[in-house]
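Each chain, letter by letter, is given below.
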Amino acid sequence: MTLSRREMIGAIASGVALPAIAAPQETSQQFKYPGPPTIKHRVINANGLKVHIAEQGSGPLVLFCHGFPESWYSWRHQIPPIAAAGYHAVAPDLRGYGGTDAPPERESYTIMDLVGDMVGVVAELGEKQATIIGHDWGATVAWHAALLRPDVFPAVAAMSVPYRPRGPAPPLR
């Protein structure tokens, strides 16, 4: 089933359950991912989920968190230059997106779950720390990851959205 962006947002807003997309076990001859051929794809186990990741390079880990309704693919232009600069660039599909498991329970999509997924990705890749970068909704995941687990995420960057801390704040003009 293919839905347009408008149909997907409408279905989510009305509470209609969308069909789960099965995660590919690994890149095969039958399934080709779009994007630069130098980006490798695999599925790892993290935080109890099968998580699809797109990766390239070696060195210190840089995690990219995509926005809504996107996937790893939104980082396809950033992965190669970051890898070329000496980093292990990794863009997972977040929980419920693309090739990553989509738990059916609404309660499975809290910010704590999403941060746990990112911590699990870092651990599964054999690392202790990562720089985390987020765009749109992924920026919220990145901020919370750095706030809740500064031992794992000592550096954070956000693209296209301002940080808004919880609590009383002056009204926006």
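Above this text you will find the structure in question.
Residues numbered from 1 in each chain as written. Predicted model: local features only at pLDDT ≥ 70, side-chain atom pairs only at ≥ 80, totals over all residues. Heavy atoms only, no water.

(A) Region of interest: the packing of helix H3 (residues 111-124) against helix H4 (residues 137-148). Where H3 meets H4, the axes come as close as 9 Å, and the angle between the chain directions of the two elements is 75 degrees. Taken together, the axis directions place H3 and H4 in an arrangement best described as roughly perpendicular. Residue-level contacts link Ile111, Met112, Leu114, Val115 and Met118 of H3 to Trp137, Thr140, Val141, His144, Ala145 and Leu148 of H4. Split into classes, the residues belonging to the contact of H3 with H4 amount to 9 nonpolar, 2 polar and no charged. (Axes fitted to C-alpha atoms, helices over the stretch in contact; angles between N-to-C directions. Helix = DSSP H or I, 4+ residues; strand = E, 2+ residues; numbered from the N terminus. Parallel < 35°, antiparallel > 145°, perpendicular 65-115°, else oblique. Contact = heavy atoms within 4.5 Å. Nonpolar A, V, L, I, M, F, W, Y, C, P; charged D, E, K, R; others polar.)

(B) Here's a closer look at the sheet that holds strand S5 (residues 131-135). Pairing is mixed across the open sheet formed by 6 strands, whose spatial order is S1-S2-S4-S3-S5-S6. Taken across any chain shown, the strands that pair with only one partner, and hence form the sheet edges, are strand S1 (40-46) and strand S6 (155-159). Put simply, the sheet's adjacent strands are angled 25 degrees from each other on average, direction ignored. Relative to strand S4 (residues 88-92), strand S2 (residues 49-56) runs antiparallel, the two being bridged by 4 bridges. By the bridge assignment for S4, Ala54 is matched with Ala91. Of the strands in this sheet, S1, S2, strand S3 (61-65), S4 and S5 are in contact with H3, which crosses S1 at around 110 degrees. Across the face of the sheet, H4 comes into contact with S3, S5 and S6 while running at roughly 150 degrees to S5. (Pairing = 2+ DSSP bridges.)

(C) Local environment of the side chain of Arg95. With respect to the element layout, Arg95 can be found in the loop between S4 and H3. With relative accessibility at 7%, the residue Arg95 sits in the buried group. A distance of 2.7 Å separates the side chain of Arg95 from the backbone oxygen of Ser108, its partner in a polar contact. Excluding residues within four positions of it along the chain, Arg95 makes contact with Asn47, Leu49, Thr100, Asp101, Pro103, Ser108, Tyr109, Asp113, Leu114 and Asp117. (Buried < 20%, exposed > 50% of the residue type's maximum accessible area, 1.4 Å probe, protein only. Polar contact = N/O pair within 3.5 Å; in protein donor to acceptor, adjacent residues only side chain to side chain.)

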